Amino acid sequence: MALGKKTLAIFVISIITASLLSGVIGYHIAPRGAGTEEAYQKGFADGRYPNGTLKVAVLGPMTGVLASEGEAFRMGAEWAVEEINALGGICGYKLELVVGDTEDFEPAKVTTLIEKMINEEKVAAIFCGYGSQSLVEYDVCAKYNMLYFIGADWMAHQDKWAQYPEKYKTCFNLVPSYMPYRYHFPETFDRWVREGKLQIINKKVAIVYSDNYYSSWIAEGLKENFIRLGYNITLWEMVPFGTVTEWGSILAKIRADPPAVIINTDYIPSNEASFVEQFLEAPTNSHMFIQYGPSTPEFVQLLGNKCTGIYYNNPSIEIHTPGNKPGNELLQRAIKRFGSEPPSYTFTTYQEVWIYKQACEIAHEYYGADPKKPEDRLIIAQTLREKTAWWGSVGLMVFDETNCLSAEYAVPTIYQLWEGQRFCVEPAGFANADPRMPPWWH
Amino acid sequence: MGLEDLAAIIISTLVSGSIYTLMVVGLALIFQTIQYFNFAHGSFYTFGAYFVWYLLYILKLDYFTSVLILIPASFILGFVMQRFLIQQLVDREASPLVLILATFCVGSIVESTLLLIFGGRLKRLPYPIEGSIEFMGATMSYHKLLILIISTSLLVFFAYILNKTKMGTAMRAMAQEKEASYLAGINVKRMYATVVGLSAVLAGIGGWLFGCMIFMTPDFGSSTILWEGFIVCTLGGAKAGMKGSIFASYLVAFLETVLTRFLPMYNVPPLIFMMVILMLLIRPEGILVKGGSQ
Amino acid sequence: MKFSKFVIPFIAVGIFLIIPLILSSPFILQLFVLIFLYALVCESWDLSMGYLGLFNFGHLAFLGIGAYFSGILSLYYGLPSWIAIVVGSLITFALGFVLSLSTLRAGEYAFSIISFAFQNMFLYWVRSGGGPAPGEWGKKGLTLTGGTQGLGALIPVPSLQLGPITISSEFKVPAYYFTLIILVIATYAMYKLTNSRFGIATIALRDSKEYAIALGVNPLTYTAVFISISTFFAGLAGGLYAHIMGVVSPEIIGWSNVIIMCCIVEFGGLGTLFGPAAASFLLVSLTQYLAGLAAYKNIVIALIMLFTLLVWPTGMAGAAFWFKSKYLEKIKKAIFNWKHS
């Protein structure tokens, strides 16, 4: 046994130094949020929570490749919990937030984590931005009638509901139908062309997508609809799921046969950003549609003027849409609290918690339901479906019969980025600009 | 296939090749002298990127100074890791598995610390030079050209050190005969630490350059860079050393560029793996990879 | 005395047998199922890494092959689960044999790297979906391996039916006992293997190749069979995982799992069987206990591993032996003296 005393000493010293340093630097860097800490403490001291505490969980990837997303989930849930506690909590309970790390969403880890939350922490509800691609969480939560909220993966959600219609009554998804991702841009773009608002050089379309259900499902839909409208798909290229920094070969194929529209549904913002930059080195006279990246604040911030002219869409209105008063206000309050626009999923978990609060209070008033009692969770779920309505980032948020946001109130919108700003170009009710020809045309 | 395509392929190969070379030379350097794969290499990349980010945006230094300070900082990181942690294992002639695990743990600590300090939100470094130039109908951004220049100069610099300086001769001697080196009065421990320090500098610079091209997350080093570097290094072969790894880098870059031109991009990584397998089966540059029985 | 060697494992198994009667939390029972499965994988990995000294970087590929193939057989081809699991394990046995036989010829370094490349290629294939699923599922749009979503995402992999008992994550207690029993049987089998003439001969190849060859031991075949037995158990663990969890996704053979398992083997002690089992219990429990700390957890685990590697390289098993050799006699004497005083 080699117990290097010197090593041990250096170990200990370096750990202490490192923690001191990181503490100092971390303090240096951490954004100072608007002080709701005082309100929180005050509420507690007032004796405002006669019924004690109610635990709720927020789950997400806190470590690993997707750590930025997990942090966003946590930020949104924390924000909501602080505000709600400052107003007296839910039904006399003070909310206590438990954070769970789903790491890389391996099904065994995720189900174990949820079992822990349900059986050990005894949480009353679970909030997430998104979960595993196969939504195994639904099955675990269904077993215990645990309220589970996410805001993504509409297709996987629909698949599961089609398979087992009555099983997932307590799982709610804060997204409206994703179908507009497939048809809205092709139809609108074609209309712009026919109305003379935009010029095109031919009727070719190049589509790049990545190897996962979300990206390829949307790409297939876009392909289908463009073909239906009389366009030809001249490039249909799948990239492996993961970091892609070198788009040279794909761009070479595009430059050899320039299309009217270039589409990239590889939803990792970093990949889409490098795609755009490398395209701009020798751009073709095409229009560019990037599926997800442009809706994130980082994409616009970090690319700046380079993303001028790019289109993206949303199956409903969003926080940036002009005229979306609730959404715009929410965005302003978020900027005040976090110092800058937080990632999109912050708003998802924030609203999940607030909607849960509303449902609990209505269920309490109408049915005497108690959020802490496991047997009352089905009542709260029923209330969510039948009696809850929330004005939020995507407009009027009401759940439909599959526990997703009702498409009735979801208005698909299309945006164009221009000099670091987002302009809504469709539909007319919300648009504050016309689609413009991209600056890279020559 | 016109002249433009040829130019595009040449440029892509040169650029990718220089990126890989930067990744791989550090690994190969350590592997040749101390005979282990440094699995903390990826985290040194991440460190490089975040260190420059910190100096640039928090301490508000100018770009040139930030990069300049990066060099000694990375060197210290690598030097300390080797001298005070890994050296013990090397002295004990621990098996490569142990060394790999140990360096991986160091890398994990580095990246987790970065996550704690900087948070997970995506960041990016600004390009040192904006814009691009045209070359025979194909374009190359100035940043990529900078990578090419830096990579090549570092290579030349290291070749010079290895071949023409006393320190380099000592390094080469150690790679071949450790006991004799001890007798010759070379401070082996300090040499080893210097080697890892230099490798860390390469990684730090690579991290800086990468941080301009991608959206940084606190683990981009160990999730992408490390494995790519490892694969290319293995292709270069264990015994082939620096020359082998440089050759392998450009070969992989060339194949990737050419294959993605004609095949769907999806199938290229498995093909590269196939090549590694074939190469090992046909021409295994095998040294016994067990510390105990050499 | 042979019996005393197994005192601790016997006590441990005894405790494990009683646990479900005391702790009924489904979370803890599921955690134990994972611990047992991980222990099985790590023990079999130790066969090639610790006993033979060969870095089989691709060991987890066999875990994946066992999981995916047995899952595909029972989900898409309707085989009864236990048959699918057995067939899956036999497939990994055969593949392990072929792989090691063909690559060991080229040397141990080649073996390590090729097994690594093999695992990567399998990961790629699994992520890509591997083509449409057979029969009517393919027409519904399902792929063979489920791609990034995983196998069993929509329709779960059928659970293991043993007569009237269902082994799945629905019913934690049967799953707990079943995996425990399999682990005990497998460990016993591996113990027998390493102590058999065949096993000892193969292990001896590591230290004295020429002597072994002189004794008529064919190094390649012996090593290949030894390795294929280890991959058999990996495939078995995979098959169990698939049918108990119901979903197999590519992350099971991803890098985080590789590193975790590597750490378990190392922490347990290379070259022992009970070490990885104990380490699996300790490390998985520790990870869960620290789970609330997110990034700090990774730092703590990494520090523990570094401590093990630097200061106590023989791992848990080594610590146990050291303790026994140093203190067991003293304790026995003290008890004896106390009894007779």
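Owing to the predicted nature of the structure, the values given are computational and were not obtained by experimental measurement.

K.L.:
Any chance you could explain the overall build of chain A here in plain terms?
P.N.:
The secondary structure content of chain A amounts to 14 helices and 14 strands. Against the compact-globule benchmark of 22 Å for 442 residues, chain A has a radius of gyration of 24 Å, which places it among compact chains. A principal-axis box enclosing the C-alpha atoms of chain A has dimensions of 70 × 70 × 40 Å. Put simply, chain A has 442 residues, and 62% of those count as buried. Restricting the contact set of chain A to residue pairs at least 6 apart, pairs at least 24 apart contribute 69%. When the accessible surface of chain A is totalled, it reaches about 16300 Å², and 56% of it is carbon and sulfur. Where the 38 positive side-chain charges of chain A centre and where its 51 negative ones centre are 2 Å apart.

K.L.:
Would you mind showing me how to read the side chain of Thr 346 of chain A here?
P.N.:
Residue and element names in this part refer to chain A. With respect to the element layout, Thr 346 can be found in helix α13 (residues 344–367). For Thr 346, a relative accessible area of 0% puts it in the buried group. There is a polar contact of 2.8 Å between the side chain of Thr 346 and the backbone oxygen of Pro 343. For Thr 346, the contacting residues outside a window of four places in its chain are Ala 72, Met 75, Gly 76 and Phe 338.

K.L.:
Before we go on, may I ask you to explain the pairing of strand β2 (residues 93–101) of chain A in this structure?
P.N.:
In summary, the side chains of a regular strand alternate between the two faces of the sheet. Bridge count for strand β1 (residues 52–60) of chain A against β2 of chain A is nine bridges, and the pairing is parallel. The residue of β2 of chain A that forms the bridge with Val 56 of chain A is Leu 97 of chain A.

K.L.:
Whenever I open this one, the interface of chain C and chain B confuses me. Can you help?
P.N.:
By a widespread convention, an interface's size corresponds to the accessible area lost as its parts come together. Listed as interface residues are 38 residues of chain C and, on the opposing side, 43 residues of chain B. At the boundary of chain C with chain B, total buried surface from both sides reaches about 3600 Å², with 84% on carbon and sulfur atoms. When the buried surface of chain C facing chain B is broken down by residue, Tyr 109, Tyr 124 and Leu 310 of chain C rank first, second and third, together holding 20% of it. Between chain C and chain B we count two residue pairs in polar contact (both at pLDDT 80 or more) in total. Those elements that provide at least two residues to the side of chain C that touches chain B are α5 (81–104), α6 (108–128), α12 (255–268) and α14 (295–311) of chain C. Looking at which element gives the most residues to the side of chain C that touches chain B, the answer is α6 of chain C, with 12 residues. Here the residues of the side of chain C that touches chain B sort into 28 nonpolar, six polar and four charged.

K.L.:
Is there a simple way to explain the confidence of the model for chain B in this structure?
P.N.:
Residues and elements named next belong to chain B. For chain B, the average pLDDT comes to 83, and 89% of its residues sit at 70 or higher. Looking at the elements of chain B, mean pLDDT is at its lowest for helix α7 (residues 178–183), recorded as 68, and at its highest for helix α2 (residues 41–58), recorded as 94. Overall fold confidence (pTM) sits at 0.88, and the ipTM for the predicted complex is 0.88.

K.L.:
Teacher, can you tell me more about the packing of helix α9 (residues 220–236) of chain B against α6 of chain C here?
P.N.:
Where α9 of chain B contacts α6 of chain C, the two axes come as close as 12 Å, and the packing angle between them is 140°. Here α6 of chain C runs oblique to α9 of chain B, going by the angle between their axes. The handedness of the crossing between α9 of chain B and α6 of chain C comes out as left-handed. Counted together, Trp 227, Phe 230, Ile 231 and Thr 234 of chain B of α9 of chain B and Tyr 109, Ile 113 and Phe 116 of chain C of α6 of chain C form the full contact between these two elements. Tallied by class, the residues present in the contact of α9 of chain B with α6 of chain C amount to six nonpolar, one polar and no charged.

K.L.:
Would you explain the interface of chain C and chain A in this entry?
P.N.:
Across the boundary between the two partners, chain C contributes 40 residues, which contact 38 residues of chain A. Carbon and sulfur atoms make up 59% of the area that chain C and chain A hide from each other, which totals about 3200 Å². Remark: the boundary between chain C and chain A carries two salt bridges. Inspection of the chain C/chain A interface yields 12 residue pairs in polar contact (both at pLDDT 80 or more). Only α3 (26–51), α6, α11 (219–245), α12 and α14 of chain C provide two or more residues apiece to the side of chain C that touches chain A. In terms of residue count, α14 of chain C provides more of the side of chain C that touches chain A than any other element does, eight residues in total. Its residues placed into classes, the side of chain C that touches chain A shows 24 nonpolar, 11 polar and five charged.

K.L.:
Would you mind showing me how to read the domain arrangement of chain A here?
P.N.:
Residues and elements named next belong to chain A. Segmenting chain A into domains produces domain 1 (40–178 + 327–398) and domain 2 (179–314 + 412–426). Averaged C-alpha coordinates put domain 1 and domain 2 at centres separated by 32 Å. Summing the contributions of domain 1 and of domain 2, the shared interface buries around 1100 Å²; its carbon and sulfur component is 55%. Taken together, the links from domain 1 to domain 2 amount to zero salt bridges. At the junction of domain 1 and domain 2, the tally comes to three residue pairs in polar contact (both at pLDDT 80 or more). At the level of secondary structure, the elements contributing two or more residues to the side of domain 1 that touches domain 2 comprise α6 (154–163) and α13. With four residues, α6 is the largest single contributor of residues to the side of domain 1 that touches domain 2. The class makeup of the residues in the side of domain 1 that touches domain 2 is seven nonpolar, three polar and two charged.

K.L.:
I tried to follow the packing of aromatic side chains on my own but got confused; where do I start?
P.N.:
We describe a pair of aromatic rings using the distance from one ring centre to the other and the angle between the two ring planes. A complete count under the given rule lists 73 aromatic pairs over all chains for this structure. Aromatic pair Tyr 312 of chain A and Tyr 415 of chain A: ring centres 5.1 Å apart, planes at 20°, arrangement stacked. Taken as a pair, Tyr 312 of chain A in strand β10 (residues 311–314) and Tyr 415 of chain A in strand β13 (residues 413–418) lie far apart in primary sequence, 103 residues in all. On the accessibility criterion, Tyr 312 of chain A (0% relative accessible area) is buried. Plain terms: the ring middles of Trp 53 of chain B and Tyr 57 of chain B are 5.5 Å apart, the flat faces sit at 50° to each other, and that makes the pair tilted. With Trp 53 of chain B and Tyr 57 of chain B both in helix α2 and four residues apart, the pair spans about one turn of that helix. A relative accessible area of 37% places Tyr 57 of chain B in the partly exposed class. Over the ring of Trp 236 of chain A we find Lys 223 of chain A, and its NZ or CZ is 4.2 Å from the ring centre. In this structure, Arg 436 of chain A is placed above the aromatic ring of Phe 423 of chain A, and the distance from its NZ or CZ to the ring centre is 5.0 Å.

K.L.:
What should I look at first to understand the nonpolar core in this one?
P.N.:
Soluble globular proteins tend to pack their nonpolar side chains together in the buried interior. With 210 residues, the main nonpolar core has Leu 125, Trp 208 and Phe 210 of chain B together with Leu 40 and Tyr 176 of chain C as its most contacted residues. Of all the elements, α3 of chain C adds the most residues to this core, at 18 residues. Shared between two domains, this core holds at least three residues of each, these being domain 1 (25–253) and domain 2 (255–341) of chain C. Among the nonpolar cores identified, the runner-up in size contains 103 residues, and Leu 135, Leu 147, Tyr 181 and Ala 334 of chain A belong to it.

How each quantity is defined
Residues numbered from 1 in each chain as written. Chains lettered and ligands numbered in written order. Predicted model: local features only at pLDDT ≥ 70, side-chain atom pairs only at ≥ 80, totals over all residues. Heavy atoms only, no water. Helix = DSSP H or I, 4+ residues; strand = E, 2+ residues; numbered from the N terminus. Rg over C-alpha atoms; globule rule 2.2 N^0.38 Å. Buried < 20%, exposed > 50% of the residue type's maximum accessible area, 1.4 Å probe, protein only. Contact = heavy atoms within 4.5 Å. Areas by Shrake-Rupley, 256 points an atom, 1.4 Å probe, with all protein chains shown as cover. Lys, Arg positive; Asp, Glu negative; His and termini not counted. Charge placed at Lys NZ, Arg CZ, Asp CG, Glu CD. Polar contact = N/O pair within 3.5 Å; in protein donor to acceptor, adjacent residues only side chain to side chain. Pairing = 2+ DSSP bridges. Buried area = accessible area lost by both parts, 1.4 Å probe. Nonpolar A, V, L, I, M, F, W, Y, C, P; charged D, E, K, R; others polar. pLDDT = per-residue confidence, 0-100. Axes fitted to C-alpha atoms, helices over the stretch in contact; angles between N-to-C directions. Parallel < 35°, antiparallel > 145°, perpendicular 65-115°, else oblique. Left-handed = near helix turned anticlockwise from the far one by under 90°. Salt bridge = Lys/Arg side-chain N within 4 Å of Asp/Glu carboxyl O. Domains from an automatic or database assignment. Phe/Tyr/Trp six-rings, centres within 6.5 Å; stacked < 30°, edge-to-face > 60°. Lys NZ or Arg CZ within 6 Å of the ring centre and 35° of its normal. Core = buried A, V, L, I, M, F, W, Y, C linked by side-chain atoms within 4.5 Å.

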